Amino acid sequence: MHIKNTWYVAAMSDEICSDKPLGRTICNSPMVFWRNKQGKVAAVEDFCPHRGAAMSLGTIDDGELVCGYHGLRMGEDGKTASMPKQRTDRFPCVKRAAVEERDGFIWYWAGDADSADLSLLPEFGWHTQNGWAYGGGVFEIKCDYRLMIDNLMDLTHENYVHSSSIGQKEIDEAPVRTRMNGDQVVTERYMTDIKAPPFWRMAMESQGLDPDAIVDRWQICRFNAPSHIMIDVGVALAGQGGFDAPPEVRAGSVVVDFLTPQTDGSMWYFWGMARNFKVDDAELTDRIREGQHNIFSEDLEVLEAQQRNLELYPDRQLLKLDIDAGGVAARRMIDKLIKAETEAG
Amino acid sequence: MHIKNTWYVAAMSDEICSDKPLGRTICNSPMVFWRNKQGKVAAVEDFCPHRGAAMSLGTIDDGELVCGYHGLRMGEDGKTASMPKQRTDRFPCVKRAAVEERDGFIWYWAGDADSADLSLLPEFGWHTQNGWAYGGGVFEIKCDYRLMIDNLMDLTHENYVHSSSIGQKEIDEAPVRTRMNGDQVVTERYMTDIKAPPFWRMAMESQGLDPDAIVDRWQICRFNAPSHIMIDVGVALAGQGGFDAPPEVRAGSVVVDFLTPQTDGSMWYFWGMARNFKVDDAELTDRIREGQHNIFSEDLEVLEAQQRNLELYPDRQLLKLDIDAGGVAARRMIDKLIKAETEAG
Amino acid sequence: MHIKNTWYVAAMSDEICSDKPLGRTICNSPMVFWRNKQGKVAAVEDFCPHRGAAMSLGTIDDGELVCGYHGLRMGEDGKTASMPKQRTDRFPCVKRAAVEERDGFIWYWAGDADSADLSLLPEFGWHTQNGWAYGGGVFEIKCDYRLMIDNLMDLTHENYVHSSSIGQKEIDEAPVRTRMNGDQVVTERYMTDIKAPPFWRMAMESQGLDPDAIVDRWQICRFNAPSHIMIDVGVALAGQGGFDAPPEVRAGSVVVDFLTPQTDGSMWYFWGMARNFKVDDAELTDRIREGQHNIFSEDLEVLEAQQRNLELYPDRQLLKLDIDAGGVAARRMIDKLIKAETEAG
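Residues numbered from 1 in each chain as written. Chains lettered and ligands numbered in written order. Predicted model: local features only at pLDDT ≥ 70, side-chain atom pairs only at ≥ 80, totals over all residues.

Undergrad: Outline the domain arrangement of chain A, supporting the account with residue identities and numerical values.
TA: All names here are of chain A. One can read the domain layout of chain A as domain 1 (7-120) and domain 2 (127-343). A separation of 32 Å is found between the C-alpha centroids of domain 1 and domain 2. With eleven residues of domain 1 in contact, the opposing surface of domain 2 contributes eleven residues. Those elements that place two or more of their residues in the side of domain 1 that touches domain 2 are β1 (7-12) and β2 (22-26). Looking at the side of domain 1 that touches domain 2, the element that brings in the most residues is β1, giving four residues. (Domains from an automatic or database assignment. Contact = placed C-beta atoms within 7 Å. Helix = DSSP H or I, 4+ residues; strand = E, 2+ residues; numbered from the N terminus.)

Structure follows, in C-alpha cells:
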C-alpha cells in the first residue's frame, strides 16, 4: 500500500520525447505518458479500452496518443477521442492521472486525478536556476522503496558500500542526529578537522582548493513525504563555518533523490546532484554524474539482496538504532499518512 | 481448456529429422515426436515410464526412440518396446498421440488417439502442388492463441503494427464484413482505386506490373476450428475484377496461419505464404519469408504485452466492435465445440 | 525435508579465500562462510541482524566478517561482535553453523551447531595423501539431490548419457548387484574380457599399457548417508584380478561425489576424481578434470529436464528396477533417518 494523494516523480523530462509514448508502472499501475501538441505531458492507464493492448507500444500523431494495434486515439482525459470508422462515445474510460512537468521532472499524482493538488507539489526548482548545475539519472531497483529511504537517511553506509569514493572512518565516529523540522525529517552529521575522501578531493581541486587541506564535512539529509530526499553534502576548509562557510573555501552540493514505488517490491530511483560551483563546466557535470552513477550502482546490489532476505524471513524484526532513526521517522510518517487516507475512505 | 477432438499443427515436417527427436508441448502436454524406420512420424508423452526422464533428450536408433538416460526403447503405441536386461511388458504406458504428416506439416490429434478422425484433417495441399510456391516458419509466443485469432481475423491492425510494409490508410476506410460460410468464419475487406503499399509494390514489380499503378486490393480471412486461418491477400490493376482478376494483372497470395496452444498462456504460431506467381524463384520465396518474418515479429511484442495486460486485469470486459466480429465469431465457435466435448464427457 | 544431524559438503576449501566471504544456500538456509584470523572457517546465517543485509556482500577485516552496509562485525558464534558507535550486547543472534575443514572440503553440520558430532565426519582423506592425485569442481543443478543419487548409484546411464567417453554396450549386459555393507549401500558391476572405452584407453596409455588390450572393468558405487557417493572405477588387463589386480596392469581411480541440497528442488554437486597413478602429472590431472567436467555437464541437462517432468506430474509412480536398487536403497535410508529425526523431535 502506498500514499495515494501525493506527488511522485514519474520520469525525467527528457525521457518523454515528442514522438514516442513512455510506458511506466507506478504504485502497481501500468501507465503511459506522452506529450500533446503543445508539449504538455499527459498520462492514462497503459491499457487500450478496445482490446487491452499496451498503448505505450503505440505512436504519437499530431500530439495524440494512437494505439499501435487498431488506431484508437486516446484523449488526455482517459476517454477515447476517436477510432477509425467507429463511434466511440460509449467506450469505457481508462484511468487518467494528473501530471505536472516542473524543473526537469514529470510529477505524478497517484490518487484520483480530480483531487490533484498543485499546491502540494514540492519546490525543487533551485537546481535549474542560474548559479546551479545539475546532472542525474534513473535506476530500476528490485526493492521496496522504503529500503532506499532507510539507505539515504543513514549515510553511515557510505563508509562500507562506497569506501573508495566518499567513505571515511570519521563517518562512523561522528554522532548522527535526527530531528523533525515541521513535516520534514532531518538527519545530520558533522565531521570536523578531517581529510577529505576521494570524491571531495576532486571537488576541492576543481575549485582551486588544496585537496590535502584539513576540512570540516557535513551530511544533512532532509526527507519529505512521500519519498523525496535532499541531502546537503560537502566540505569546507576547517574552522570556516562548515556548511555555512563562504563559497570560496567550500565545495558543496545537493544530492537529489526522488523515490517512486513501481510495485510493492520494486522502485524507480531518480538520482542526481546539483552544485553551485563551476556551473558552466559541462565536462565536470558529466564526470560527477558518472561517479554518482557508479556509487549508486553499488547500492543496488546491497538493496536487492536485502529485499530477498526480508522476503525470505518476513517476520523477523529489524533493529532500530540511532543511525536508523531517520528511516524510522520517515516510515512512521508514511504509515501515518496511509492510515489517514484509509480512514478518510 | 482447449478443443481436444481436433487436429492441430505440431511442427513443420523439416523440424523432425531422422536422427533426433523433437520435444514440444501442445495443449499443456509435453510430447516427443520422431520418425520411425519408414520415416513416419510418431508422438508419445515426453516422459520415460522408467524414471520420468525427457525422452526428447534421447536418440533415434534404427527408427526407434531410445531414452537418453537408461536406454529404454519406446514404441509408437506408448508401450515400452524394450530395455536392456529388463522385462518390460508390465511397464506403465505413456499417452500416445495420433499424428499425420501432410503437405509439409505434422498434424496432431489432441484427443484420445483412438478417436482420431483422418476425415477431419483439413486440406491445405494446394500450396505444395504445382503452380504454387511456399515459404514459412514458426514462432513461440507468450500469449493465449485466441489473441492471435483476433489478430488475424481483423487486419485493421496492419495499418498500425505494419505501417511500413502492408499498412495503408484505406484499410481503415474500407468497411469490413464478417459472415459464416458453413463452419467457416469469413472476414473480408475490399479497397478499390488505391495505391499499393510497399509489400505489394514489390510483388507487382516481381510480376512485371507497374508498382505505381492504381489497384484494387483484397483481404479475405477464413477461419476454421480449431485455429486455422487462411487469408487471401493481393492487389490487381484497378477495375479488372479484384480478387477475380486474370493472373496477368494480379499479384496475390495466401497467408497460411496455423495456431497451436502450447499452454493456456502461450502458443506456437506456424505462418507462411503461398503464392502462385514466379513459383520457381527461390530467391523471391526467401525474400518474402524474410519480409513476413519481420512483419510477424512486430505482432509478437504487441500480443505478449496484451497478454500481460489481460492477466493483470482479468475481469475487464473487452469491446466487440465490427472489426472484432471475426474473432468474436471464431471464439464463439471454439466455446461451442468445447462445450459439446465437455457435455459428451 | 532433509536430514539435519549430519555433515554435508558446503564448499571446496579454495572457494573460501581469506579476504572475501562466500554466500551459499544449504538445505534452504542462506549461509555465509569466511575464514577467521587463524584461517579457520566459520559460518552463520547470511542475514545481518541490524537490517537484514546479506553479510556475504561484506568484507573480511583482520579475520572478522564485516557487514558491507553499516559495518556490523559478526562473531563466529552468531552474536554481533561490535558495530561502530553501538552497544551490541542485546542484538539478536543469527544461527551459527558448525563447520569443519578437512582434506580440501568445508563440511557443514545442518542441524543445531551444538549437536555437531565430529566423530560422524566421514573420512575421505586418502585422496589428499601421498600416492594420490585429485582434481574436481562444483556444479549448481536445478534438481532434487536425490535424482543425482539415483544417477550415480546406477551407472547404466553411462552408456547413453556418456556414450562417447565411458559408455560401452557391455555395461548393459553385465548384471548389477546391490547390497548393504553395514550402513553403506553398494552397487557393483563387473565386465570381463572387453575392450576399454575412450576414457579408459587414455588412462591405460598414460600408464604405459596397451589401450587395445583386452581388459576387465569394474564399477563399485558406495553410498553413505546423507549423500556421499564414492565410486571405484577402472580397468585391468584381463584375468589379472580385476579390481584386485596389481598396480602395474591396472588403471583405476575413485570418482568422488558429494551432494548437498541447496533447496528442495536444487543442489550443489561436488565432483572429482582421485587416482593413484601418475600422481605428479599435473597436466593429466587437468585433463581428467576437464574430461570429467564435460561428462558431468551432460548429466545436468538430463537431470534438470527430469526434475521439470516430475514437478509437472508429481503423482506418477516411477519404476524401481534392479538397476535402480541402489538409489532405492539410498532413498530408503534417507527416509529412515529423517523419520528418526522427526520422531526424536
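Don't stop here, the text continues.
Undergrad: Which residues make up the environment of Ala203(B), and what are the values?
TA: Relative to the helices and strands, Ala203(B) is located in helix α4 (residues 198-206). Residues Ala203(B) and Gly252(B), 49 residues apart in the sequence, show an inter-C-alpha distance of 8.2 Å.

Undergrad: Outline the relation of the copies chain C and chain B, supporting the account with residue identities and numerical values.
TA: The two copies are related by a screw motion: chain C maps onto chain B through a turn of 120 degrees and a shift of 0.2 Å along the axis, at an RMSD of 0.1 Å. What we have between these two chains is a three-fold relation. (Least-squares fit on C-alpha atoms with pLDDT ≥ 70 in both.)

Undergrad: Break down the nonpolar core for me, with residues and values.
TA: Counting 239 residues, the largest nonpolar core has Tyr108(A), Tyr108(B) and Tyr108(C) as the members making the most contacts within it. The contacts of Tyr108(C), once residues within four sequence positions are left out, are Trp7(C), Tyr8(C), Ala10(C), Ile26(C), Ala43(C), Ala97(C) and Val99(C). (Core = buried A, V, L, I, M, F, W, Y, C linked by C-beta atoms within 7 Å. Buried ≥ 20, exposed ≤ 12 C-beta atoms within 10 Å, placed from the backbone.)

Undergrad: Explain the interface of chain C and chain B residue by residue, including any values.
TA: With 19 residues of chain C in contact, the opposing surface of chain B contributes 16 residues. Of all elements in the fold, only α2 (158-161) and α5 (282-312) of chain C reach the threshold of two or more residues within the side of chain C that touches chain B. Here the element with the most residues in the side of chain C that touches chain B is α5(C); it accounts for six residues. Class assignment for the residues of the side of chain C that touches chain B results in ten nonpolar, five polar and four charged. (Nonpolar A, V, L, I, M, F, W, Y, C, P; charged D, E, K, R; others polar.)

Undergrad: With reference to specific residues and values, describe the sheet that holds strand β2 (residues 22-26) of chain B.
TA: As summarised here, the arrangement of the four strands in space is β2-β3-β4-β9 (chain B), forming an open sheet in which the pairing is antiparallel. The open sheet has two free edges, formed respectively by β2 and β9 (96-97) of chain B, since each of these has just one partner strand. (Pairing = 2+ DSSP bridges.)

Undergrad: Now, about the sheet that holds strand β12 (residues 133-141) of chain B: what can you tell me, with residues and values included?
TA: Backbone-to-backbone hydrogen bonds pair the strands of a sheet. The strands run either parallel or antiparallel. All names here are of chain B. The sheet built from seven strands is open, its strands ordered β12-β18-β17-β16-β15-β14-β13 with antiparallel pairing. Each edge of the open sheet is held by one strand with a lone partner, namely β12 and β13 (176-181). Looking at each pair of strands side by side, their axes are set apart by 15 degrees on average, direction ignored. Both strand β14 (residues 184-195) and strand β15 (residues 214-224) contribute to a ladder of nine bridges, which runs antiparallel. Paired with arginine 189 across the strands is glutamine 219, a residue of β15. Across the sheet, helix α5 (residues 282-312) touches β12 and β18 (266-275), and the angle it forms with β12 is around 25 degrees. Relative to β14, helix α6 (residues 325-343) is tilted by about 165 degrees, and along the sheet it contacts β13, β14 and β15. (Axes fitted to C-alpha atoms, helices over the stretch in contact; angles between N-to-C directions.)

Undergrad: Outline helix α4 (residues 198-206) of chain C, listing residues and values.
TA: Residues and elements named next belong to chain C. Looking at α4, one finds that the buried residues are Phe199, Trp200, Ala203 and Met204. For α4, the buried positions fall inside an angular range of 135 degrees around the axis, keeping them on one side. Of the surrounding secondary structure, the elements contacted by the buried residues of α4 are β16 (228-237), β17 (250-263) and α5. Phi for glycine 208, located one or two positions after α4, is positive at around 80 degrees. (Arc of directions from axis to C-beta.)

Undergrad: Give a detailed account of the environment of Val185(A), specifying residues and quantitative values.
TA: All names here are of chain A. Residue position: valine 185 is located in strand β14 (residues 184-195). What makes valine 185 buried here is the crowd of 26 C-beta atoms within 10 Å. The spacing of valine 185 and tryptophan 132 is 53 residues in sequence and 25 Å in space, taken between C-alpha atoms. Not counting chain neighbours up to four residues away, the residues in contact with valine 185 comprise Met153, Thr178, Met180, Phe223, Gly326, Ala329, Ala330 and Met333.

Undergrad: Would you mind going over α6(B) in detail, with residue names and values included?
TA: All names here are of chain B. Between its first and last C-alpha, α6 extends 27 Å over 19 residues, near the 27 Å set by a 1.5 Å rise per residue. Those residues of α6 lying buried are Gly326, Gly327, Ala330 and Ile334. Taken end-on, α6 shows its buried residues confined to a sector of 95 degrees, consistent with a single buried face. Of the exposed residues in α6, those oriented more than 90 degrees away from the buried face are Arg332, Lys336, Lys339, Ala340, Thr342 and Glu343. Residue glycine 345 follows α6 closely and has a positive phi angle near 105 degrees. (Expected span 1.5 Å × (residues − 1).)

Undergrad: Summarise the interface of chain A and chain B; cite the residues concerned and give the values.
TA: Where interface size is given, it is often the accessible area lost as the parts come together that is meant. Between chain A and chain B, the contact holds 17 residues from the first and 19 residues from the second. Partitioned by chemical class, the residues of the side of chain A that touches chain B number nine nonpolar, six polar and two charged.

Undergrad: Help me get a handle on unusual backbone geometry, residues and values and all.
TA: Cis geometry marks the peptide bond from Ala225(A) to Pro226(A); its omega dihedral reads 0 degrees. Inspection of the secondary structure puts Pro226(A) in the loop between β15 (214-224) and β16 (228-237). One non-glycine residue, Lys85(B), lies in positive phi territory at about 65 degrees. Structurally, the position occupied by Lys85(B) is in the loop between β8 (80-82) and β9. Residue classification places Lys85(B) among the partly exposed positions, given that 16 C-beta atoms sit within 10 Å.

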